[in-house]
Amino acid sequence: DTGVSQDPRHKITKRGQNVTFRCDPISEHNRLYWYRQTLGQGPEFLTYFQNEAQLEKSRLLSDRFSAERPKGSFSTLEIQRTEQGDSAMYLCASSLGEGGGYTFGSGTRLTVV
Amino acid sequence: GQSLEQPSEVTAVEGAIVQINCTYQTSGFYGLSWYQQHDGGAPTFLSYNGLDGLEETGRFSSFLSRSDSYGYLLLQELQMKDSASYFCAVRDNYGQNFVFGPGTRLSVLP
């Protein structure tokens with residue numbers, strides 16, 4: 001078990017381009033979460049999957065954001081028509097059941113120029 | 001809505017004890033967690049309180065009072081490596097996700 005893996009670690013893109021990030025959770029974890037974190041702030045919830053079902057989505061998540069977890073294993077987060085305000089660290093986490101702790105990945109740092 | 005408050009910064013010396021407080025306002029409550037995050041690193045789970053009282057894990061302890069909507073993280077025998085940001089996070093009854101506080105930056109001085 002290598003923990004939660006995220007790819008890429010860093011992404012620089014031009015405004016208006018689409019980007020996609022991947023998250024591989026701990027294999028036996030059925031719950032997967034996406035968070036966004038900007039400098040000096042706490043992680044901000046984006047969306048949550050239980051197995052392949054997307055059960056919750058933040059009101060903060062605009063229509064430009066979409067996430068999938070097609071087979072209940074890895075997940076992708078796509079941002080269309082990126083804006084400078086999308087620049088942040090995108091964190092993925094996973095957990096088993098309703099236990100109190102998440103395991104976070106190292107994140108994907110997105111810079112929109 | 002939900003809101004969590006934590007002190008923005010705390011400073012202490014090696015070997016000391018420090019307490020980081022967290023107060024919350026949520027529409028429901030289903031548990032309080034604490035995370036540590038070093039600069040450039042991922043948040044790391046430290047502890048979870050679902051019921052009132054004290055949970056102890058080595059040098060770290062966490063306390064919860066649901067009636068006061070309050071919790072704290074207690075760090076004992078501080079070490080330089082404890083310098084990091086610490087986040088409290090609350091799960092309400094209506095969602096499965098945790099909402100994170102703004103974080104407290106702890107600086108441990110020699």
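Residues numbered from 1 in each chain as written. Chains lettered and ligands numbered in written order. Predicted model: local features only at pLDDT ≥ 70, side-chain atom pairs only at ≥ 80, totals over all residues. Heavy atoms only, no water.

Visitor: In this structure, what is going on with the pattern of salt bridges? I would like to understand it.
Guide: Charged atoms that come close allow side chains of opposite charge to pair. Scanning the model with the defined rule gives seven salt bridges over all chains in all. Across the pair A:R64 and A:E83 runs a salt bridge whose closest N-O atoms are separated by 3.4 Å. Here A:R64 is found in the loop between β6 (53-57) and β7 (65-68), whereas its partner A:E83 is found in the loop between β8 (75-79) and β9 (88-95), with 19 residues between them in sequence. A:R64 sits in the buried class, given a relative accessible area of 11%. In this structure, B:D52 engages B:R66 in a salt bridge whose closest nitrogen and oxygen atoms are separated by 3.0 Å. Of the two residues, B:D52 sits in the loop between β5 (44-49) and β6 (53-57) while B:R66 sits in the loop between β7 (60-65) and β8 (70-75), which places them 14 residues apart along the sequence. Under the relative-accessibility criterion, B:D52 is labelled partly exposed at 43%. Judged by its relative accessible area of 40%, B:R66 is partly exposed. Residues joined by salt bridges that share partners form a network here, namely A:R64, A:E83 and A:D86. (Salt bridge = Lys/Arg side-chain N within 4 Å of Asp/Glu carboxyl O. Helix = DSSP H or I, 4+ residues; strand = E, 2+ residues; numbered from the N terminus. Buried < 20%, exposed > 50% of the residue type's maximum accessible area, 1.4 Å probe, protein only.)

Visitor: Which parts of the structure should I look at to understand the side chain of B:S85?
Guide: Residues and elements named next belong to chain B. The topology assignment puts S85 in strand β9 (residues 84-90). Of the residues examined, S85 reaches a relative accessible area of 14% and is grouped as buried. With residues near it in sequence (within four places) discarded, S85 still touches Y35, Q36, Q37, T104 and R105. (Contact = heavy atoms within 4.5 Å.)

Visitor: In this structure, what is going on with the packing of aromatic side chains? I would like to understand it.
Guide: A ring pair, where both rings are aromatic, is described by two values, the distance of the centres and the angle of the planes. One pass over the structure, following the stated rule, counts 17 aromatic pairs over all chains. Taking the centre distance of 6.0 Å and the plane angle of 75° together, the rings of A:F104 and B:F100 count as edge-to-face. Linking A:F104 in strand β10 (residues 103-104) with B:F100 in strand β10 (residues 99-100), this pair reaches from one chain into another. We note that A:F104, like B:F100, is buried. (Phe/Tyr/Trp six-rings, centres within 6.5 Å; stacked < 30°, edge-to-face > 60°.)

Visitor: Can you help me understand the interface of chain B and chain A in this one?
Guide: As a measure of interface size, the accessible area lost when the parts come together is often cited. With 17 residues of chain B in contact, the opposing surface of chain A contributes 20 residues. Where chain B meets chain A, there are zero salt bridges. Taken together, the connections running from chain B to chain A amount to four residue pairs in polar contact (both at pLDDT 80 or more). Among the secondary structure elements, those contributing two or more residues to the side of chain B that touches chain A are β4 (32-37) and β5 of chain B. Ranked by residue count, the leading element in the side of chain B that touches chain A is β4(B), at three residues. The class makeup of the residues in the side of chain B that touches chain A is ten nonpolar, six polar and one charged. (Polar contact = N/O pair within 3.5 Å; in protein donor to acceptor, adjacent residues only side chain to side chain. Nonpolar A, V, L, I, M, F, W, Y, C, P; charged D, E, K, R; others polar.)

Visitor: I would appreciate a short explanation of the environment of A:N30 in the present structure.
Guide: Within the fold, A:N30 resides in the loop between β3 (19-24) and β4 (31-37). Taking the C-alpha atoms as reference, A:N30 lies 8.0 Å from A:S73; in sequence the two are 43 residues apart.

Visitor: I'm lost on the layout of surface pockets in this one. Help?
Guide: Unoccupied space between atoms shows up once a probe the size of one water molecule is rolled over them. Estimates place the volume of the second largest pocket at around 440 Å³. Every residue lining the second largest pocket is counted, 21 residues in all, and those nearest its centre are A:Q37, A:L39, A:G40, B:Q37 and B:S85. Broken down by secondary-structure element, the contributors of at least two residues to the lining of the second largest pocket are β9 of chain A together with β9 and β11 (104-109) of chain B. (1 Å grid on protein atoms, 1.4 Å probe; cavity = no way out; pocket = protein on both sides within 12 Å on 5 of 7 lines; lining within 4 Å. Points joined across faces, edges and corners; volume = space filled by probe spheres on them.)

Visitor: I'm lost on the environment of B:V90 in this one. Help?
Guide: Residues and elements named next belong to chain B. Turning to its location among the elements, V90 is positioned in strand β9. Counting along the chain gives 21 residues from V90 to S69, while the straight-line C-alpha distance between them is 10 Å. In this structure, V90 is in contact with L4, Y24, T26, F29, G31, L32, N97, F98 and V99, ignoring residues within four places of it in sequence.

Keep in mind that these numbers describe shape and distance, not what the molecule does.
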